[in-house]
Amino acid sequence: MAKVLPLTILPSPLLHQKSQPIAVAKITQPEIQQLISDMEQTMKANNGVGLAAVQVGKLLQLALIETQDGILVLINPQITSKSWLKNEGEEGCLSVPDKFGLVKRLTKIKVSAYNQQGKKISFTAKGFFARVIQHEVDHINGILFIDRTKKIYGGPPRDRQRD
Ligand code: ZN
């Protein structure tokens, strides 16, 4: 059974630590599969659009992202190609409750990663999808969106998307 895990929030020092890669042979093992299920439950329970493992206290290179086609699982993700263009957009984070800020992100990226079945995948991401992936890759590298913006503001979280 999947369960909702407690969120790691500021000022936890974990959020500024780098996560470790997951050995490919371990991806399909019960421990990681259970963690993925639990993270999915946790993300849904908190209305997140993305969740990195560090946000549930695990320093592993694993993130979940909500897409139109369902939940995308990214293990050991790498951004392999970057656009020149950046744009600014609003971000929030489940680990930084009730704070939002404008962050510049690449508008288009190529990503390679392993999926939940331990298969290598690569794809191109644009716009908001690319933004969420960059936010999650930052988590894996111990970076929060507030480290990338000088304009932090509070606001009602209900009508905003957080990851
Ligand atoms: Zn976040």
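None of the values given here were measured: they were computed from a predicted structure.

**So, the overall build of the protein**
Working step 1: The helix and strand tally for the protein stands at two helices and eight strands.
Working step 2: The helix and strand sequence of the protein, counted from the amino end, reads α-β-β-β-β-β-β-β-α-β.
Working step 3: Taking 2.2 N^0.38 as the reference for a compact globule, 163 residues should give roughly 15 Å; the C-alpha atoms of the protein span a radius of gyration of 15 Å, in line with that estimate.
Working step 4: By sequence separation, contacts in the protein at least 24 residues apart represent 68% of the contacts at least 6 residues apart.
Working step 5: In the protein, which carries 22 positive and 14 negative side-chain charges, the distance between the mean positions of the two groups comes to 7 Å.

**Describing the UniProt feature "active site" (unreviewed entry) in the protein**
Working step 1: As annotated in UniProt, the feature "active site" (unreviewed entry) corresponds to E136 in the numbering used here.
Working step 2: Here E136 shows up in helix α2 (residues 127-140).
Working step 3: Note on E136: relative accessible area 1%, which makes it buried.
Working step 4: If near-sequence neighbours (up to four positions away) are discounted, E136 is found in contact with G50, L51, A52, Q55, A63, I65 and D163.
Working step 5: A polar side-chain atom of E136 sits 3.2 Å from the main-chain amide nitrogen of A52.

**Quick word on unusual backbone geometry**
Working step 1: Residues L10 and P11 are joined by a peptide bond in cis, for which omega reads 10°.
Working step 2: A positive phi angle is found at N47, which is not glycine, with a value near 55°.
Working step 3: As for its position among the elements, N47 is in the loop between α1 (30-45) and β1 (50-52).
Working step 4: Its identity as a non-glycine residue notwithstanding, N76 has a phi of 50°, on the positive side.

**With respect to α1**
Working step 1: Look at α1: 22 Å from first C-alpha to last across 16 residues, which is about the 22 Å you get at 1.5 Å a residue.
Working step 2: Among the residues of α1, those classed as buried are I32, L35, I36, D38, M39, T42 and M43.
Working step 3: Of the residues one or two after α1, N47 is the one with positive phi, at around 55°.

**Quick look at the environment of S19**
Working step 1: Its location among the elements puts S19 in the segment before α1.
Working step 2: Residue classification places S19 among the buried positions, given a relative accessible area of 5%.
Working step 3: For the pair S19 and G92, spaced 73 residues apart in sequence, the C-alpha separation works out to 20 Å.
Working step 4: Here S19 is in contact with V54, K58, L59, L60, Q61 and I140, once residues within four sequence places are set aside.

**So, the sheet that holds strand β2 (residues 62-67)**
Picture the strands of a sheet paired through backbone hydrogen bonds; they go either parallel or antiparallel.
Working step 1: Strands sit in the order β1-β2-β3-β6-β7 across an open sheet of five strands; the sheet is antiparallel. The open sheet has two free edges, formed respectively by β1 and β7 (120-126), since each of these has just one partner strand. Shown here is a sheet whose adjacent strand axes are inclined to one another by a mean of 40°, direction ignored.
Working step 2: When β1 meets β2, the two strands line up antiparallel, connected through three bridges.

Here is what the cut-offs are and how they apply
Residues numbered from 1 in each chain as written. Predicted model: local features only at pLDDT ≥ 70, side-chain atom pairs only at ≥ 80, totals over all residues. Heavy atoms only, no water. Helix = DSSP H or I, 4+ residues; strand = E, 2+ residues; numbered from the N terminus. Rg over C-alpha atoms; globule rule 2.2 N^0.38 Å. Contact = heavy atoms within 4.5 Å. Lys, Arg positive; Asp, Glu negative; His and termini not counted. Charge placed at Lys NZ, Arg CZ, Asp CG, Glu CD. UniProt positions renumbered as here; feature names shortened; annotations may be inferred. Buried < 20%, exposed > 50% of the residue type's maximum accessible area, 1.4 Å probe, protein only. Polar contact = N/O pair within 3.5 Å; in protein donor to acceptor, adjacent residues only side chain to side chain. Expected span 1.5 Å × (residues − 1). Pairing = 2+ DSSP bridges. Axes fitted to C-alpha atoms, helices over the stretch in contact; angles between N-to-C directions.

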